[in-house]
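# Architecture at a glance
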Protein chains: 2
Amino acid sequence: MTVKVMLWGWGLMNPICAKYVLQKGGDVVLVVDRNASRVGKTTDAEVAIAATKPDICILATRSTLKELKDPILTCVSKGVSVVTIAEEATYPITTAKAIVEEIDKVAKANNAAVFGSGYSEWAWVVLPAAVAGAAANVQKVVGLSSYNVNDYGSALCEKHGVGLSAAEFQAKISSQASTAGPSYAWSASEGLANTLGFTVTKMTQEFQPTFADVPVYCDVLKRTLEVGTCTGMAAKATVQTAEGTEIIFSTVGKVYAPGDEDCNDWEIFGDPAKITLKMPVPPTVETTCASAVNRIPQILAGPAGYITSKDLGAIHYIAGKFPEVHRT
Amino acid sequence: MTVKVMLWGWGLMNPICAKYVLQKGGDVVLVVDRNASRVGKTTDAEVAIAATKPDICILATRSTLKELKDPILTCVSKGVSVVTIAEEATYPITTAKAIVEEIDKVAKANNAAVFGSGYSEWAWVVLPAAVAGAAANVQKVVGLSSYNVNDYGSALCEKHGVGLSAAEFQAKISSQASTAGPSYAWSASEGLANTLGFTVTKMTQEFQPTFADVPVYCDVLKRTLEVGTCTGMAAKATVQTAEGTEIIFSTVGKVYAPGDEDCNDWEIFGDPAKITLKMPVPPTVETTCASAVNRIPQILAGPAGYITSKDLGAIHYIAGKFPEVHRT
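A quick note: this is a predicted structure, and the numbers were derived from the prediction, not measured. (Residues numbered from 1 in each chain as written. Chains lettered and ligands numbered in written order. Predicted model: local features only at pLDDT ≥ 70, side-chain atom pairs only at ≥ 80, totals over all residues. Heavy atoms only, no water.)

### Quick notes on the overall build of chain A
Formally: Secondary structure elements follow DSSP: runs of H or I of four or more residues count as helices, runs of E of two or more count as strands, with numbering from the N terminus. For this measure, only C-alpha atoms enter the radius of gyration; the expected value for a globule follows 2.2 Å times N^0.38, where N is the number of residues. Accessible area is worked out with a 1.4 Å probe on protein chains only. A residue is then buried under 20% of its type maximum, exposed over 50%, and partly exposed in between. Here a residue-residue contact requires only that any non-hydrogen atoms of the pair lie within 4.5 Å. Using the Shrake-Rupley algorithm and a 1.4 Å probe, accessible areas are obtained, with residue cover drawn only from the displayed protein chains. All tallies of charge rest on Lys and Arg as positive and Asp and Glu as negative; His and the ends of each chain are not included. Taken as the charge centre is NZ of Lys, CZ of Arg, CG of Asp or CD of Glu, depending on the residue.
Each helix and strand in chain A was counted, giving 10 helices and 14 strands. A compact globule built from 328 residues should have a C-alpha radius of gyration of about 20 Å, and chain A, at 20 Å, falls within 12% of that. Over its C-alpha atoms, taken along the principal directions, chain A stretches across nearly 60 × 50 × 40 Å. Per-residue burial over chain A gives 56% buried out of 328 residues. Taking as baseline every contact in chain A between residues at least 6 positions apart, the subset at least 24 positions apart corresponds to 73%. Entry remark: accessible area of chain A is about 13000 Å², with carbon and sulfur atoms responsible for 52%. Charged side chains of chain A number 28 positive and 32 negative; the gap between the two group centres comes to 4 Å.

### Looking at the UniProt feature "signal peptide" (unreviewed entry) in chain A
Using the following cut-off: UniProt positions are given in the numbering used here, feature names are shortened, and annotations may be inferred rather than shown by experiment.
Residues annotated by UniProt as "signal peptide" (unreviewed entry) correspond here to residues 1–18 of chain A. Measuring from the first to the last C-alpha atom of residues 1–18 of chain A gives 18 Å, for a span that is 28% helix and 28% strand.

### Focus: the environment of E246 of chain A
Residue and element names in this part refer to chain A. Assignment of secondary structure puts E246 in strand 11 (residues 246–254). For E246, a relative accessible area of 22% puts it in the partly exposed group. C-alpha of E246 to C-alpha of V28: the two residues are 218 residues apart in sequence and 42 Å apart in space.

### Section: the packing of aromatic side chains
To keep things clear, this is the line we draw: Put simply, two rings from Phe, Tyr or Trp (the six-membered ring, in Trp's case) pair if the centres are within 6.5 Å, and we call them stacked under 30 degrees between planes, edge-to-face over 60, tilted for the rest.
Tallying each qualifying case throughout the model produces 12 aromatic pairs over all chains. For the ring pair F198 of chain A and Y317 of chain B, a centre distance of 5.7 Å and an interplane angle of 50° mean the geometry is tilted. Linking F198 of chain A in the loop between helix 8 (184–195) and strand 7 (200–210) with Y317 of chain B in the segment after helix 10 (309–312), this pair reaches from one chain into another. In this structure, F198 of chain A and Y317 of chain B share a single accessibility class: buried. Seen from their ring centres, Y147 of chain B and Y152 of chain B are 6.1 Å apart, and the 85° between their planes marks the pair as edge-to-face. Here the aromatic residues Y119, W122, W124, F249 and W266 of chain A are joined through ring pairs into a cluster of three or more.

### Concerning the packing of helix 5 (residues 119–132) of chain A against helix 8 of chain A
All names here are of chain A. Basically, it comes down to this: Only C-alpha atoms enter the line fits that serve as axes; for helices the fit covers just the stretch in contact. Angles between N-to-C directions range over 0 to 180 degrees. Handedness of a crossing follows from how the near helix is turned relative to the far one, being left-handed for an anticlockwise turn of less than a right angle and right-handed for a clockwise one. Here the nonpolar group is Ala, Val, Leu, Ile, Met, Phe, Trp, Tyr, Cys and Pro; Asp, Glu, Lys and Arg are the charged ones; every other residue, Gly included, is treated as polar.
Contact geometry for helix 5 and helix 8: axes closest at 9 Å, N-to-C directions at 30°. With respect to the hand of their crossing, helix 5 and helix 8 are arranged in right-handed fashion. Together, S120, W124, V125, P128 and A129 of helix 5 and Y184, A188, G191, L192 and T195 of helix 8 make up the contact between the two elements. Taken together, the residues of the contact of helix 5 with helix 8 sort by class into seven nonpolar, three polar and no charged.

Right, dumping it as structure tokens:
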């Protein structure tokens, strides 16, 4: 039976997801966007869901569970499962506890599942967990993922403190780390700890400014950042576990200097002494969309409720069409 | 209930496996080795198995299914599952078809499973498959894994053509590729194709000599290899599939020149255009043993018969003790 997919949000990501769904033999039966004119389809989601009966919704709008609670509940209350690329969805079990519990209850009552995938799940949870599969003892995990703020808009630039002095960064950004809500690094590292079977005892996050050794030009602010001016920031999450294992993960977003490039690097220390994974210039957009689409058969065949990476294991490449799946 | 483990072979690997099994709360109930005096235990495996009733045997003796048929049948006929680090066991379904079918039948009749893990499964199948999980379309996979023949004995040196001239290598080694049996590269790349869901239509392997730009000293042969003399070889397997995807995997074993080091590198081409995984200086011995041990709960909970990576997915790190598992 053809997998019927609904897309919620029609920005950068879902048009690519739509292409991948069609390549896999799925059908895009519904697109919902706040700007209905973009896609010429309804924004009255409940009515449209009842009419089109999708199996699953790819939700690609915002980053936090608080922002996504309403669209997720709209879907699962109609029995439509959800895969979202929202970064917090990678592991929101503690950071959005009440919302997750409410979603979980409605999803289970309607035999639907909710899952967070995308680059943040694949590159920051699935891959380091696959590497750790060949470790006898993991004592420390150190991850680093970097992106160029020049690739994004002014809102992200501002959030990353680009152009601030060190003192301004401290006052406006570093000092707010404890109340800023979970960074991408927080959600991913907590998700990794959970997937590896650790019991998290303490988590902290720090926001640290980045500086370049040479003046760098910021395309977004349209000005050169002199040496000593913040080029962006690292969000660093530190996870302590009952097993004594520590996970330290930093996502770095900055205006790149010559030679800087995207990375997704992981080091696992223990026994063996060290295992290193390096992923130079990872294609974040395509892997975000493909991992969400490739997760669809696993989500449709898996348990109902709010589920995470630990429940589904690694993401399976789909050679050809979506396989036939049913939740039992 | 404590997982009861039997070790078959007591060379470099199984003492490390034994340590990991004990760390995970398992019990080593039996060691079998052709040189019984090494471990002071019986070599009469059948009697010892009946007396000690292991759940699973870690078999670490030889590399091919032909060599391992008898010990595997001895285990599974008594209902003891087997995990082996034999390289062909990663995917012997076509290269040792008759043996696999015989083992599969006996294993199923006795509710036991047989599985190949170790570095060759983890580094060459599980990891590239996890990377491909974020691809929408895989058109080509290129893998390269390298090791220093100085780390091994004279038999391996000879097999790799170390010290031969180019003409001697061609006559003695390259020309034998089609009758040499499956190389490690063959078993791994066929296993990867299967795990990714491809239908293999054609496979070939080539043995190519390696040369250094500078004279290198061979510790095993105790002589300097001049420029133009073979320092070792690459076994290169090429897989064609019905889906049009090509997998090219080379395992390179050579006398290292300054700057050479072990690697496990994969490139996946298609959509996205390219995903790169690099693993500098992978710890092969420890990851071989840990991946075999970490696979134990999955094997004991999985289907009976001869099973492969596709049946079990990624290898799960075990934080703490073996979980309680039962085959249903």
